[in-house]
Amino acid sequence: MRIAVTGSIATDHLMTFPGRFADQLVADQLHTVSLSFLVDGLDVRRGGVAANIAYGMGLLGTAPVLVGAAGSDFDDYRAWLDRHGVDTESVRISEVLHTARFVCTTDADHNQIGSFYTGAMSEARLIELHSVAERVGGLDLVSIGADDPEAMLRHTEECRARAIPFAADFSQQIARMNGEEIRVLLEGATYLFSNEYEKGLIESKTGWSDEQVLAKVGHRITTLGARGVRIERVGEPVIEVGCPDEETKADPTGVGDAFRAGFLSGLAWGVSLERAAQVGCMLATLVIETVGTQEYSLHRSGFMDRFTKAYGEDAAAEVRAHLG
């Protein structure tokens, strides 16, 4: 199964604030917030939702096709992704703009404040999925993640026009979208990804109920933080999968991307939805134990030991058959 992953490609500048954001906010002054936080550290990491997802899929051996736009400063990043099993030949390189950049500060309670510079990401709207499909011999699924809004719309419309199954995954872009934009982007999706908060925003902005949204998509996949994930389908039992035990909680950045990487890899292997969700939760656990979104590694024996402990030997045997 050939999966293309579209979305942002960026570098992450991650900082840590030793206090609590909540302690710095004055309730009756929220309309004039002007704050500066003295942070303890700075980590510069590779990131971007599409690149994060593709990296995780590459580690799992499913050879994803990364589709997005980057700047001329992408060479080292490209080499890193290539080395970890990602097809980067469909990444557009801008001649004038830098690769996008995410700047994020995390407090002692793991709350985050972030800003995103789009840079070369604005050129993703110029990418034609048809040429990507021709190059790789066809696409079985396109994951449409947070990206230049025009690119997200173009990729969605092209998938519908060419009858290519797609996954709608708005994540960071949902805050700037209005109801009509969200309705257009999720209509006919085979999979709709969101966390609990985004789920509420989707329903609030579209004016659609949970049942109405579910009727528009094949599968609604809602991540529940430490409680795992819920998968809903019309007329089918709800699937709920919990998370493996964490060894530590280092950094929540990129956990959702890792879940998607594991879940999409499970789809590529052809395993059940429950099994795919279990792989996603296991990969997400590895990420939360690591600072940075692509700094974790996947050692087959260690991964399978923890997977077996969390989900049992029968589940592990099925996954082990696919994990290289």
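Residues numbered from 1 in each chain as written. Predicted model: local features only at pLDDT ≥ 70, side-chain atom pairs only at ≥ 80, totals over all residues. Heavy atoms only, no water.

**Some details on the layout of surface pockets**
So, step 1. Estimates place the volume of the second largest pocket at around 180 Å³.
So, step 2. With three residues, the top contributor of residues to the lining of the second largest pocket is strand β2 (residues 10-16).
So, step 3. A breakdown of the residues in the lining of the second largest pocket according to their chemical character gives eight nonpolar, four polar and three charged. (1 Å grid on protein atoms, 1.4 Å probe; cavity = no way out; pocket = protein on both sides within 12 Å on 5 of 7 lines; lining within 4 Å. Points joined across faces, edges and corners; volume = space filled by probe spheres on them. Helix = DSSP H or I, 4+ residues; strand = E, 2+ residues; numbered from the N terminus. Nonpolar A, V, L, I, M, F, W, Y, C, P; charged D, E, K, R; others polar.)

**Focus: the sheet that holds strand β6 (residues 100-106)**
So, step 1. Taken in spatial order, the four strands make up an open sheet running β3-β2-β6-β7, and their pairing is mixed. Because the sheet does not close on itself, it has two edges, and the strands there are β3 (41-47) and β7 (112-117). Each strand of the sheet is rotated relative to its neighbour by a mean of 15°, with strand direction disregarded. (Pairing = 2+ DSSP bridges. Axes fitted to C-alpha atoms, helices over the stretch in contact; angles between N-to-C directions.)

**Some words on the packing of aromatic side chains**
So, step 1. Enumeration over the complete set of coordinates arrives at 11 aromatic pairs.
So, step 2. A ring pair is formed by F193 and F263, whose centres lie 5.7 Å apart and whose planes are at 85°; its orientation type is edge-to-face. You can see F193 sitting in strand β10 (residues 191-195) and its partner F263 sitting in helix α8 (residues 255-269), a full 70 residues away along the chain. No difference in accessibility class separates F193 from F263, as the two residues are buried.
So, step 3. Each member of the aromatic cluster is reached from another via a ring pair, and the members are Y191, F193, F259 and F263. (Phe/Tyr/Trp six-rings, centres within 6.5 Å; stacked < 30°, edge-to-face > 60°. Buried < 20%, exposed > 50% of the residue type's maximum accessible area, 1.4 Å probe, protein only.)

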